[in-house]
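Listed below, chain by chain, are the residues.
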Amino acid sequence: KCTVVQIAPAVRVALGEEFGLEEGSYVEDKIISALRKLGADYVFDITFGADLTIMEEANELAERIKENKNLPLFTSCCPAWVKYAEIFYPELLPNISTCKSPISMQGTIIKTYFANKMQINPKNIVNVVVAPCTAKKYEIRRPEMNIAGKYLNEDEIRDNDYVITTRELAEWIKEENIDFKDIKPSEFDNPLG
């Protein structure tokens, strides 16, 4: 298996507190090194997926303005907000963006473009997201979050396989006795090479 880990931006300023560092300390490069020690083959920054989401949402907004339809446009990046609207405010659903969240967009890219570029069978990619919110665990299990599988005609392939929270990552690093404060820094891999 090839293990790919994506890190949400909020994680990089929250994880240090778990190791006694000052609140908001920059630990991005330490997280990357720790994930490599935990077995990650590739570590990606989710801001690439965020850029994709922003571009798609901008295109969607421009089209809706042109058609004067389903305005205002609400973002769909937070799965808790989307589920809340689905349950309590279904009349708002036409106003929610049809774009997937950054983790979902990037997960699709990893299982399609990246897998092809690196000549890795997508079935052999274990795609893990480190996110601050437990709602992301629910998001990756939504039925529509297997676009890569549909594209590849392999319905069992999910865009993302696992989500772990900032706290769960901290516990894992501690369990493996990784010296987080003194770990040698590392840099993100680039999903597009």
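Use the structure listed above.
Residues numbered from 1 in each chain as written. Predicted model: local features only at pLDDT ≥ 70, side-chain atom pairs only at ≥ 80, totals over all residues. Heavy atoms only, no water.

Caption draft 1: Region of the structure containing the sheet that holds strand 1 (residues 2-7). Strand order in the open sheet made by the four strands is 2-1-3-4, with parallel pairing throughout. In this open sheet, the two edge strands, each paired with only one partner strand, are strand 2 (42-45) and strand 4 (162-165). Between one strand axis and the next, the sheet turns through 25° on average, direction left out of account. Helix 8 (residues 166-175) rests against strand 3 (125-131) and strand 4 of the sheet, and its axis sits at about 80° to strand 4. (Pairing = 2+ DSSP bridges. Helix = DSSP H or I, 4+ residues; strand = E, 2+ residues; numbered from the N terminus. Axes fitted to C-alpha atoms, helices over the stretch in contact; angles between N-to-C directions. Contact = heavy atoms within 4.5 Å.)

Caption draft 2: Region of interest: the pattern of salt bridges. In this structure the tally under the stated criterion is 16 salt bridges. Two residues, Lys123 and Glu154, come together in a salt bridge whose shortest N-O distance is 3.1 Å. One end of the pair, Lys123, is in the loop between helix 5 (102-118) and strand 3; the other, Glu154, is in the loop between helix 7 (147-151) and strand 4, with 31 residues separating them in the sequence. Judged by its relative accessible area of 26%, Glu154 is partly exposed. Note that Glu168 and Lys137 form a salt bridge whose closest N and O atoms lie 3.0 Å from each other. Here the residue Glu168 occupies a position in helix 8, and Lys137 occupies one in helix 6 (residues 135-139), the gap between them amounting to 31 residues. On the basis of relative accessible area, Glu168 is assigned to the partly exposed category, the value being 32%. On the basis of relative accessible area, Lys137 is assigned to the partly exposed category, the value being 29%. Among the charged side chains, a salt-bridge network with shared partners connects Lys83, Glu86, Arg142 and Glu144. (Salt bridge = Lys/Arg side-chain N within 4 Å of Asp/Glu carboxyl O. Buried < 20%, exposed > 50% of the residue type's maximum accessible area, 1.4 Å probe, protein only.)

Caption draft 3: Region of interest: helix 2 (residues 28-37). The element helix 2 is largely enclosed, with a buried count of eight among its 10 residues. All buried positions along helix 2 are accounted for by Glu28, Asp29, Lys30, Ile31, Ile32, Ser33, Ala34 and Leu35. Remark: Gly39 follows helix 2 within two positions and exhibits a positive phi of approximately 115°.

Caption draft 4: The arrangement of the side chain of Asp159 in detail. One can find Asp159 in the loop between helix 7 and strand 4. On the accessibility criterion, Asp159 (1% relative accessible area) is buried. Engagement of the side chain of Asp159 in a polar contact is seen with the side chain of Thr108, the distance being 3.3 Å. Discounting chain neighbours no more than four positions away, the residues touching Asp159 are Lys100, Ser104, Gly107, Thr108, Lys111, Asn127, Met145, Asn146, Ile147 and Ala148. (Polar contact = N/O pair within 3.5 Å; in protein donor to acceptor, adjacent residues only side chain to side chain.)

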